[in-house]
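Secondary and tertiary structure notes
In case you want the letters, here they are:
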Amino acid sequence: VAFHCSEEDMYRDAEEIEREKILLCETSSSEYKLSVAPEMDIMEYCRKEWRGNTPVAKRMRKGYEAVAQKFASIRRVRGDNYCALRATLFQALSQASQLPSWLQSEDFTMLPENLLSKYDWIKQWQLKQKLGRKMGEISDEIKEYLILLRKKWKNISEIKGPIEKQEACDKLFKNEEEEYSLYEALKFLMLNTAIELYNDDKNGRRVPVFSWLLFARDTSSNPRQLMHNHLNHIGHSGGLEQVEMFLLAYALQYTIQVYRLYKYSTDEFITLYPNDPEEDWPVVTLITEDDRHYNIPVRMCQETML
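Note that the coordinates shown come from a computational prediction; the quantities given were computed from them, not determined experimentally.

As summarised here, the arrangement of the six strands in space is S1-S2-S6-S5-S3-S4, forming an open sheet in which the pairing is mixed. Among the strands making up the open sheet, the edge pair consists of strand S1 (40–41) and strand S4 (270–273). One ladder, built from four bridges, connects strand S3 (residues 255–260) with S4; its direction is antiparallel. Each residue of the ladder has a partner; that of Val258, found in S4, is Thr271.

Before going further, it helps to examine the UniProt feature "site: Linear diubiquitin binding" (unreviewed entry) in the protein. Sequence positions flagged by UniProt for "site: Linear diubiquitin binding" (unreviewed entry) are, in local numbering, Glu268. Structurally, Glu268 is set in the loop between S3 and S4. When neighbours within four sequence positions are excluded, Glu268 is seen to be in contact with Arg260 and Lys263.

By the element assignment, Arg75 lies in strand S2 (residues 71–75). Within the local environment of Arg75, its side chain forms a polar contact with the side chain of Asp170, the two groups lying 2.9 Å apart. When sequence neighbours within four positions are dropped, the list of residues in contact with Arg75 reads Val36, Ala37, Pro38, Glu39, Phe90, Gln166, Asp170, Asn295, Ile296 and Val298.

With 20 residues, helix H8 (residues 138–157) extends 29 Å from end C-alpha to end C-alpha; this agrees with the ideal 28 Å at 1.5 Å per step. Where H8 is buried, its residues contact helix H5 (83–94), helix H6 (101–104), helix H7 (111–118), helix H9 (162–172), helix H10 (176–202) and helix H13 (242–252).

So, on to the packing of H7 against H8. In the contact formed by H7 and H8, the axes pass within 8 Å of each other and the chain directions differ by 145°. The way H7 lies across H8 gives a crossing that is right-handed. Between H7 and H8, the contacting residues are Leu111, Pro112, Glu113 and Leu116 on the first element and Ile138, Ser139, Ile142, Lys143 and Leu146 on the second. When the residues that make up the contact of H7 with H8 are grouped by side-chain class, the tally is six nonpolar, one polar and two charged.

What the rule picks out here adds up to 17 salt bridges. A salt bridge links Arg292 to Asp290, with the shortest nitrogen-to-oxygen separation between them at 3.7 Å. With a relative accessible area of 54%, Arg292 lands in the exposed category. Taking relative accessible area as the criterion, Asp290 reaches 28% and is therefore assigned partly exposed. By sharing partners, the salt bridges in this structure join Arg260, Lys263, Glu268 and Asp291 into a single network.

Rules used in this analysis
Residues numbered from 1 in each chain as written. Predicted model: local features only at pLDDT ≥ 70, side-chain atom pairs only at ≥ 80, totals over all residues. Heavy atoms only, no water. Pairing = 2+ DSSP bridges. Helix = DSSP H or I, 4+ residues; strand = E, 2+ residues; numbered from the N terminus. UniProt positions renumbered as here; feature names shortened; annotations may be inferred. Contact = heavy atoms within 4.5 Å. Polar contact = N/O pair within 3.5 Å; in protein donor to acceptor, adjacent residues only side chain to side chain. Expected span 1.5 Å × (residues − 1). Axes fitted to C-alpha atoms, helices over the stretch in contact; angles between N-to-C directions. Left-handed = near helix turned anticlockwise from the far one by under 90°. Nonpolar A, V, L, I, M, F, W, Y, C, P; charged D, E, K, R; others polar. Salt bridge = Lys/Arg side-chain N within 4 Å of Asp/Glu carboxyl O. Buried < 20%, exposed > 50% of the residue type's maximum accessible area, 1.4 Å probe, protein only.

As structure tokens, then:
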């Protein structure tokens, strides 16, 4: 794990830099194989992570206290550049009770073929490197990932008991080969959603505001650039930017609710992607301290469920 030091490091407080070092030592040990660590009491986790008396530490503690009103525990998510995808998918699967309608559609697995027939540039999609395996046709490869996503979602959603469901999720997120294939599927669904939004806008249909922001960036003024400069890098050299959290939410048709701890006591403390979610979209909840790394809160406290 490489951390790039930059000017901003001069402004980061010593405590934060220290914590990052501790985190690195911890993650390089054997628990590294576990993508989503076992649950831990949320306030205990907070006390371990934020001991100091700096304004930042105080704000984080207040933020965690607020989350602890709703959730009893936290599970730490492995901090590579897939963590936003990992945390979102893990939460979605842990509570899945049915297959989303977009996963049921007939032409779902035809998506790579259909898109490639229209957009030749998708050939430059950066597939994850498989060891000792020749690359097949890119559409076959992605089709495989989409089929895997549907299969896993279906299997897990059919498990009735909460404990068994959780065990099935834990097992899936320990299998690197499968886990990373699922992230490729999600990234491809994000590309598909971006293409749909881009075309809708060009054809004068109404699109959500984030879609304009997505394509207003110099680095992604169209879907092709979005793929080259952003989606191809997710998991390798970068994570998801905020505007891409909206795209992920739209691709999955899930509302992603995020406790952004460093924004505690502002109206952005709890941020919804999208801001005006569809009534029938299920909700998953994540926690972030910095909009870069995401963990997941678990075990809703009894009072809030009534």
